[in-house]
Amino acid sequence: MYCNYCGKVIQDDANHCAYCGKRVGSVIARKRLIRPRSDRRIAGVCAGVAEYFDLDVTLVRVVWLVTAVMTGIGLLSYPIAWILMPEGPAIAQVPVGYPATHR
């Protein structure tokens, strides 16, 4: 199978391209608008919107900033989105040197 975005050969059962990181193939699970716990600056609202619409997070941040400065709507909508968007699931991290499976 080939990635539609970068054109590299990827595994047939892959959901994400290992080279560019884009979603490929059909994803069975429904996408949710959530605030991810990684790649966030303030509350993760822009990162969540970028992930939901499959856009670059920097582009979303710049558009949100321009909208906030030019119209003021961004200043009002960011705290509202912060309250309304649920936070993503917690990611458990294994300490360095600790085996992943503990008996």
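Data block above holds the structure.
Residues numbered from 1 in each chain as written. Predicted model: local features only at pLDDT ≥ 70, side-chain atom pairs only at ≥ 80, totals over all residues. Heavy atoms only, no water.

1. Considering the overall build of the protein chain
Logical step 1: Helix and strand counts for the protein chain stand at three helices and zero strands.
Logical step 2: Ordered by position from the N terminus, the helices and strands of the protein chain form the series α-α-α.
Logical step 3: Here the protein chain, with 103 residues, has 24% of them falling under the buried criterion.
Logical step 4: Total accessible area on the protein chain stands at roughly 8,200 Å², and carbon and sulfur atoms take up 61% of it. (Helix = DSSP H or I, 4+ residues; strand = E, 2+ residues; numbered from the N terminus. Buried < 20%, exposed > 50% of the residue type's maximum accessible area, 1.4 Å probe, protein only. Areas by Shrake-Rupley, 256 points an atom, 1.4 Å probe, with all protein chains shown as cover.)

2. Here's the deal with the nonpolar core
Logical step 1: Core analysis: the biggest nonpolar cluster contains 12 residues, these being Ala-43, Val-45, Cys-46, Ala-47, Val-49, Ala-50, Val-57, Val-60, Trp-64, Tyr-78, Ala-81 and Met-85.
Logical step 2: Listed by contribution, the elements that provide at least two residues to this core are α1 (45–53), α2 (57–70) and α3 (73–84).
Logical step 3: In terms of residues, this core owes the most to one element, α1, which gives five residues.
Logical step 4: Those residues in contact with Met-85 that sit more than four places away from it in its chain are Leu-33, Ile-34, Arg-35, Val-45, Gly-48 and Val-49. (Core = buried A, V, L, I, M, F, W, Y, C linked by side-chain atoms within 4.5 Å. Contact = heavy atoms within 4.5 Å.)

3. Observations concerning the packing of aromatic side chains
Logical step 1: Enumeration over the complete set of coordinates arrives at three aromatic pairs.
Logical step 2: Measuring from centroid to centroid gives 5.0 Å for Tyr-52 and Phe-53, while their planes differ by 90°, and the two rings are edge-to-face.
Logical step 3: With a centroid separation of 6.4 Å and an interplanar angle of 75°, the aromatic rings of Tyr-78 and Trp-82 are classed as edge-to-face. Note that Tyr-78 and Trp-82 are positioned in helix α3 at a spacing of four residues, about one turn of the helix. (Phe/Tyr/Trp six-rings, centres within 6.5 Å; stacked < 30°, edge-to-face > 60°.)

4. Thoughts on the layout of surface pockets
Logical step 1: Volume-wise, the largest pocket comes out at about 320 Å³.
Logical step 2: Ala-50, Glu-51, Asp-54, Leu-55 and Val-57 are the residues nearest the centre of the largest pocket, which is lined by 15 residues in total.
Logical step 3: The element that contributes the greatest number of residues to the lining of the largest pocket is α1, accounting for three residues.
Logical step 4: Per-class residue counts for the lining of the largest pocket are six nonpolar, three polar and six charged.
Logical step 5: Considering only enclosed or pocket space, the second largest pocket measures out at about 230 Å³ in volume.
Logical step 6: Lining the second largest pocket we find 14 residues, and of these Ile-42, Cys-46, Arg-61, Trp-64 and Tyr-78 sit closest to its centre.
Logical step 7: Going through the elements one at a time, α1, α2 and α3 are the ones with two or more residues in the lining of the second largest pocket.
Logical step 8: No other element matches the five residues that α2 contributes to the lining of the second largest pocket.
Logical step 9: Residue classes in the lining of the second largest pocket are distributed as nine nonpolar, two polar and three charged. (1 Å grid on protein atoms, 1.4 Å probe; cavity = no way out; pocket = protein on both sides within 12 Å on 5 of 7 lines; lining within 4 Å. Points joined across faces, edges and corners; volume = space filled by probe spheres on them. Nonpolar A, V, L, I, M, F, W, Y, C, P; charged D, E, K, R; others polar.)

5. Describing the environment of Val-24
Logical step 1: Among the structural elements, Val-24 can be located in the segment before α1.
Logical step 2: Assessed through its relative accessible area of 4%, Val-24 is described here as buried.
Logical step 3: Here the alpha-carbon distance between Val-24 and Met-1, two residues 23 residues apart in the chain, equals 9.6 Å.
Logical step 4: Every residue in contact with Val-24, bar those within four places of it in the chain, is listed here: Met-1, Cys-3, Asn-4, Ile-10, Ala-14, Asn-15, His-16 and Cys-17.

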